[in-house]
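Architecture at a glance
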Amino acid sequence: MANAGRRAIAFPRLSPATPGVARPQPPPITRETVVPRTRSRRPAPRWRLADTAFRVTALGFALSVLAITGAIAVELFVQSAAARHAFGWSFLWTSVWDPVFSKFGALPFIYGTLATTAIALAIATPLGLGAAICLAELMPRRLGDGLTFLLELLVAVPSVVYGLMGVFVLVPLMRSIGAPVERLLGGIPLFSGPVYGIGLLTAGVLLAVMIVPYIIAVGREVLLAVPQAQRDGALALGATRWETVRQVVLPYARSGILGATFLALARALGETMAVTMVIGNRPEIAASLFAPAHTMAAVLANEFAEAASDVHLAALVEVALVLFGITLVVNAVARLLILGTRGTERARA
Amino acid sequence: MRRRSLRLIVVLTVAGVAFQAARAAVLVNGAGATFPYPIYSKWFDEFHKRNPDVQINYQSIGSGGGIRQVTDGTVDFGASDGPMTEEQLAATKVPILHLPTVLGAVVPTFNLAGVETLRFTPEILAGIFLGKVTRWDDAAIVQANPGVKLPAQAIVPVHRSDGSGTTYVFTDYLTKVSPEWASTAGKGTAVNWPVGIGGKGNEGVTGLVKQTPNTIGYVELVYAVQNKLPVCAVRNRSGRFVEASLDSITAAAASAASNMPADFRVSITDAAAADAYPIASFTWLLVPTRIKDAEKGRAMKDFLAWMLVDGQKLAPALQYAPLPEAVIGLERQALDRITVGAT
C-alpha cells in the first residue's frame with residue numbers, strides 16, 4: 001500500500017474531491033484556453049482555398065473506401081449468380097459439398113468459421129484482458145512498454161508461420177492432451193474421439209494465440225488512456241487495487257475494450273492459412289471439439305485455383321459473399337454495442 | 001564528370017534493355033498445371049538458351065486456371081493434369097489439341113510404427129478411402145502383406161484439401177477399380193471424400209501423414225522420392241504388385257499407346273501391362289490448333305518438336321517419366337494439325 005499512499009498525497013492537487021462522485025470532471029477546455037484571443041480569427045483567402053482542396057481530397061479518400069466495399073459486394077453478388085440460381089437459400093443450410101456431382105451447401109463452412117472464432121474469443125478475451133490489466137495497471141511503465149513492444153512483434157508474424165508452429169508444436173500437444181481427455185470424458189459428445197490432434201479445437205486455440213496480442217496491445221492502450229484522476233479518486237476513497245480496476249478503470253474503458261475484442265474477432269473470422277493447416281479441412285458438422293472441420297476462408301483458399309466447373313466457381317464466390325455478409329453483420333453489431341456502452345456512460349455522467 | 005558517367009550508364013542500360021527486347025522478339029505465354037512445373041520451367045529455360053529470340057513464360061496457377069485461361073484466349077497455351085471434358089472443349093473458340101508431355105504417378109504413403117513398406121490391392125485402397133476398411137489389421141491388408149506385423153489400430157485416411165491433378169489421378173484410378181467409388185465420390189480435382197482429413201498441397205498431406213500415427217495418404221511420386229517417404233507397391237490389373245518407378249510408369253503409358261485416341265485424351269490408370277504401375281497419368285499441354293500470330297505459332301511448333309525429342313531426355317533427372325516412343329511418333333504427326341498464321 002506504500003504505492004497507493006504516495007498517490008493519495010498527490011491527490012488534492014488534481015481536483016476537489018466530492019464524496020460519492022466517482023468521476024470528477026476536469027475543467028472544460030475551451031478555445032480561449034488553447035488559442036490566445038489576441039490573434040485575428042479571420043483566415044487568409046489562400047488558406048481557404050487550401051482548406052477546400054484538403055476537404056475534397058479527404059472526402060475522395062473516404063469515399064474510395066465505400067467504393068471498394070461496394071465493388072466487392074457487387075462483384076461477389078454478380079459472380080455467384082450461377083450458384084444462387086441453382087441452390088437458392090438452401091445453400092445456407094445444406095451440408096453436402098460435392099464438386100463432382102455439383103451439389104453445394106455451405107453450412108459446414110459457416111459453422112466451422114463461427115465455431116473456431118467463438119473458441120478463439122472465449123480463450124483470448126479473458127487472457128488478453130488479464131494481460132492488458134497487468135501491463136497497464138500493475139507493472140512499472142518501462143517494463144510494460146518493453147513487453148508491449150514484444151507483443152507488437154507477435155502481431156507482425158505472418159500467419160503461415162503460426163500455421164507451421166501449429167502443425168509442429170500445437171497439433172502433437174493437442175493429441176497428447178486430447179487423448180486422456182477423450183478417455184475420461186469420451187462419453188460426452190463434445191469430447192468424443194478419435195483425437196487426431198488436428199481439428200476444430202486446435203484451430204480455435206491457434207486462432208486464440210494469434211489474436212491475443214491484438215487484445216493485449218489495444219487493451220493496454222485503452223486502459224492507459226483512463227485518466228489517472230479516476231484511479232486516484234478511487235484509491236483515496238479507500239478502494240483496493242483490485243476494486244479500483246474492477247469498479248473504476250474497467251467500466252471507464254469498456255467501449256475501448258469491446259473495440260479491441262472486435263478487432264480480434266474480425267481477424268479470427270478471416271484467418272485462412274493457419275486455420276487450414278490445422279483444422280483438417282473436412283466439411284462436416286460434428287458435435288466433438290476434436291473432430292476435423294472446415295472454414296469459409298479455408299475452402300476458398302483450397303479450391304479456388306482448381307475449380308473446373310462454372311457452378312463450383314460460383315459456389316465458392318457465394319461462400320465469399322456469405323463470409324463478407326457475416327463480417328459486415330459482426331462489425332455492425334460491434335458498432336452498436338460500442339455505441340450502446342457509450343450511451344449508458346453518457347447517461348450516467 | 002560524374003554527371004557524364006551517370007548519363008553513360010543510363011544510355012547503356014536503355015540500350016541493353018532495348019537489345020534484350022529485340023533479341024527476345026517472340027514472347028509466348030502459358031499457364032496451368034503445377035505438377036509438371038519443374039520440368040516445364042527447365043524446358044522453357046533450355047529452349048530459350050538454344051533459341052535466344054524465343055521467350056516462353058509459364059505460370060503454374062493450377063489445371064483449372066490453365067483450362068479457363070486457354071478457353072478465354074488470355075494465354076497462348078494451357079496445361080492440365082486432367083484432360084478437358086467435352087463440355088469444356090465445346091466452349092473454346094478454337095479447337096484445342098491435347099499434347100502429352102511427360103508422365104507422373106501418385107503413390108500411397110503411410111505412417112505405421114515399425115512398418116517399412118506395404119502392399120496394397122485396389123480393393124484395399126478403395127475400401128480405406130470409402131470408409132469400409134477401417135482397421136490396419138483388416139483381413140484383406142493382412143492377406144496382401146504376409147509376414148508384416150500390422151497393428152490393431154484404426155486407419156486415418158488423409159487426402160488433399162485443395163483441388164489438384166494429384167487428386168484427379170488418384171480418384172480416376174479409384175473410379176476404375178471400384179464401382180462403389182464411382183457412384184458415391186467419382187473423379188475430379190476435388191471430390192466429396194467419404195472419410196478422412198484434408199491437407200493442403202503435397203506438403204500438407206505429407207505433414208499430416210508424418211505427424212499423425214496410423215495414417216495413409218497419397219502424394220506425387222516426385223514428392224515421395226524427394227522426401228524419402230515410404231513408397232508402396234500396388235497390385236495392377238495383371239495381378240502383380242508393382243512399385244512406382246520411371247520404368248513402371250512408362251510401361252503403363254506404352255500399354256495405352258496401342259489404342260491411343262486421336263485427341264490423346266486418354267487415362268492410363270489401371271493399365272493392363274504386366275509391369276505397369278496402375279496409378280499413373282500423362283500431363284498435357286493444351287495448344288490451340290489455329291495460332292494467328294505467325295511468329296508465335298512457329299515458336300510454339302519449334303518448341304513442341306524440340307520437347308518431344310531433346311526435351312524428353314531432361315525428364316528422368318527431375319523424376320518425370322519420359323513418353324514412350326510410340327506416343328512421341330503419334331504426337332509429331334499431330335503437330336501438323338496446328339495451323340499457323342491468318343488463313
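Just so it is clear, the structure is predicted and the values come from calculations on it, not from any experiment. Here the residue numbers are simple positions, counted from 1 along each chain's written sequence. To read the labels, note that chains go from A and ligands from 1, taken in the order they are written. This being a predicted model, a pLDDT of at least 70 is required before a residue's local features are given, and a value of 80 or more before pairs of side-chain atoms are given or counted; all residues contribute to the totals for chains, interfaces and linings.

**Concerning the overall build of chain B**
Where we set the bar: Segments assigned H or I by DSSP are reported as helices when at least four residues long, segments assigned E as strands when at least two residues long, and all are numbered from the N terminus. Here a residue counts as buried when 20 or more other C-beta atoms fall within 10 Å of its C-beta, as exposed when 12 or fewer do, and as partly exposed in between; the C-beta atoms come from the backbone. The contact criterion used is a C-beta to C-beta distance within 7 Å, with each C-beta placed from the backbone.
From N to C terminus, chain B includes 13 helices and 13 strands. Along the first, second and third principal axes, the C-alpha set of chain B runs to 80 × 55 × 35 Å. A total of 343 residues make up chain B; the buried ones form 50% of that total. The long-range fraction of contacts in chain B, counting pairs at least 24 apart against all pairs at least 6 apart in sequence, stands at 72%.

**Notes on the overall build of chain A**
On a plain count of helices and strands, chain A comes out with 14 helices and two strands. Sorting the 349 residues of chain A into buried and exposed places 34% on the buried side. Sequence separation of at least 24 residues holds for 76% of the intrachain contacts in chain A that already meet a minimum separation of 6.

**Examining the sheet that holds strand β1 (residues 26–32) of chain B**
Residues and elements named next belong to chain B. Just so we agree on the cut-off: For two strands to be treated as a pair, DSSP must find at least two bridges joining them. All axes are obtained by fitting lines to C-alpha atoms, using only the stretch in contact for helices, and the reported angles, taken between N-to-C directions, cover 0 to 180 degrees.
Taken together, the eight strands give an open sheet; going across it, the order is β2-β1-β3-β11-β4-β8-β6-β7, and neighbouring strands pair in mixed fashion. At either margin of the open sheet sits one strand with a lone partner, and together these are β2 (54–59) and β7 (197–199). On average, each strand axis in the sheet is inclined to that of its neighbour by 25°, with strand direction left out of account. Here three bridges tie β1 to strand β3 (residues 77–80), and the two strands are oriented parallel to one another. Counted as the bridge partner of G30 is F77 from β3. Each of β2 and β4 (96–111) is contacted by helix α2 (residues 37–50), which is oriented at about 165° to β2, the strand it contacts most. Sheet strands touched by helix α12 (residues 294–314): β1, β2, β3, β4 and β11 (280–288). Its angle to β1, the strand with the most contacts, is close to 60°.

**So, the pairing of strand β8 (residues 215–220) of chain B**
Working note: regular strand, side chains alternate between the two faces of the sheet. Residue and element names in this part refer to chain B. Along β8, six of the six residues are buried, which leaves the element largely enclosed by surrounding structure. In this sheet, β8 lies alongside strand β6 (residues 156–160) in parallel orientation, the contact comprising two bridges. Across the sheet, the residue bridging to V156 is T215, located in β8.

**Remarks on the interface of chain B and chain A**
Tallying the contact residues gives 27 residues for chain B and 25 residues for chain A. Only α3 (63–72), β7 and α9 (201–211) of chain B provide two or more residues apiece to the side of chain B that touches chain A. Per element, the largest residue contribution to the side of chain B that touches chain A is four residues, and it comes from α3(B).

**Considerations on the confidence of the model for chain A**
For residues with low pLDDT, the predicted coordinates do not support detailed interpretation. Stated formally: Confidence of the prediction at every residue is given by pLDDT, a number between 0 and 100.
Averaged over every residue, the pLDDT of chain A is 85; residues scoring 70 or more account for 85%. Here residues 1–22 of chain A is modelled with pLDDT under 50, and outside its nearest four sequence neighbours on either side it reaches 18 contacts, counting other chains as well.

**Here's the deal with α12(B)**
Residue and element names in this part refer to chain B. The following threshold applies: Helix span, as expected, comes to 1.5 Å for every residue beyond the first. Bend at a residue means the angle formed by two fitted axes: the first through the 7 residues ending at that position, the second through the 7 residues beginning there.
With 21 residues, α12 extends 28 Å from end C-alpha to end C-alpha; this agrees with the ideal 30 Å at 1.5 Å per step. Its maximal kink placed at M307, α12 deviates by approximately 50°. G297, A299, M300, F303, L304, M307, L308, G311 and Q312 are the residues of α12 that are buried.

**A closer look at helix α11 (residues 254–270) of chain A**
Given a rise of 1.5 Å per residue, 17 residues ought to cover 24 Å, and the 25 Å separating the end C-alpha atoms of α11(A) matches this to within 8%. Residues of α11(A) that are buried: A:I257, A:A260, A:T261, A:A264, A:L265, A:A268 and A:L269.

**Side note on the sheet that holds strand β10 (residues 241–243) of chain B**
All names here are of chain B. A sheet is described by the order of its strands in space; here three strands give the open sequence β5-β9-β10, paired in mixed fashion. The outermost strands of the open sheet, each flanked by one partner alone, are β5 (119–120) and β10. In this structure, β5 lies alongside strand β9 (residues 233–235), joined through two bridges in parallel fashion. Considered in β9, the bridge of R119 is made with A233.

**Description of the nonpolar core**
Our working definition: Take the buried Ala, Val, Leu, Ile, Met, Phe, Trp, Tyr and Cys residues, join any whose C-beta atoms are within 7 Å, and the set you get is a nonpolar core.
A:I211, A:I215, A:V278, B:A252, B:Y277 and B:L286 are the most contacted members of the largest nonpolar core, which totals 176 residues. The dominant element in this core, judged by the number of residues it contributes, is helix α8 (residues 200–224) of chain A, at 17 residues.

**Description of the environment of B:V169**
Mapped onto the elements of the fold, B:V169 is located in helix α7 (residues 165–177). C-alpha of B:V169 to C-alpha of B:R337: the two residues are 168 residues apart in sequence and 28 Å apart in space.

**Notes on the packing of helix α9 (residues 228–236) of chain A against helix α10 (residues 241–252) of chain A**
Residues and elements named next belong to chain A. For the record, the criterion: Should an angle fall under 35 degrees it is called roughly parallel, over 145 degrees roughly antiparallel, and 65 to 115 degrees roughly perpendicular, with every other angle called oblique. By definition, any crossing whose near helix is turned counterclockwise from its far helix by less than a right angle is left-handed, and any crossing with a clockwise turn is right-handed.
Interaxial distance between α9 and α10 falls to 10 Å at its minimum, and their mutual angle equals 150°. With respect to their mutual orientation, α9 and α10 come out roughly antiparallel. The interaxial crossing formed by α9 with α10 has right-handed handedness. Contacts from Q230, R231, A234 and L235 of α9 reach α10 at E243, T244, Q247, V248, V249 and Y252.

**Considering unusual backbone geometry**
Residue and element names in this part refer to chain B. With a phi close to 65°, N214 is a non-glycine residue in the positive phi region. Take N214: it is sitting in the loop between α9 and β8. For N214, a count of 18 C-beta atoms within 10 Å corresponds to the partly exposed category. In this structure, Q319 takes a positive phi of about 70° despite not being glycine. Along the chain, the position of Q319 falls in the loop between α12 and α13 (325–334). A tally of 20 C-beta atoms within 10 Å means that Q319 is categorised as buried.

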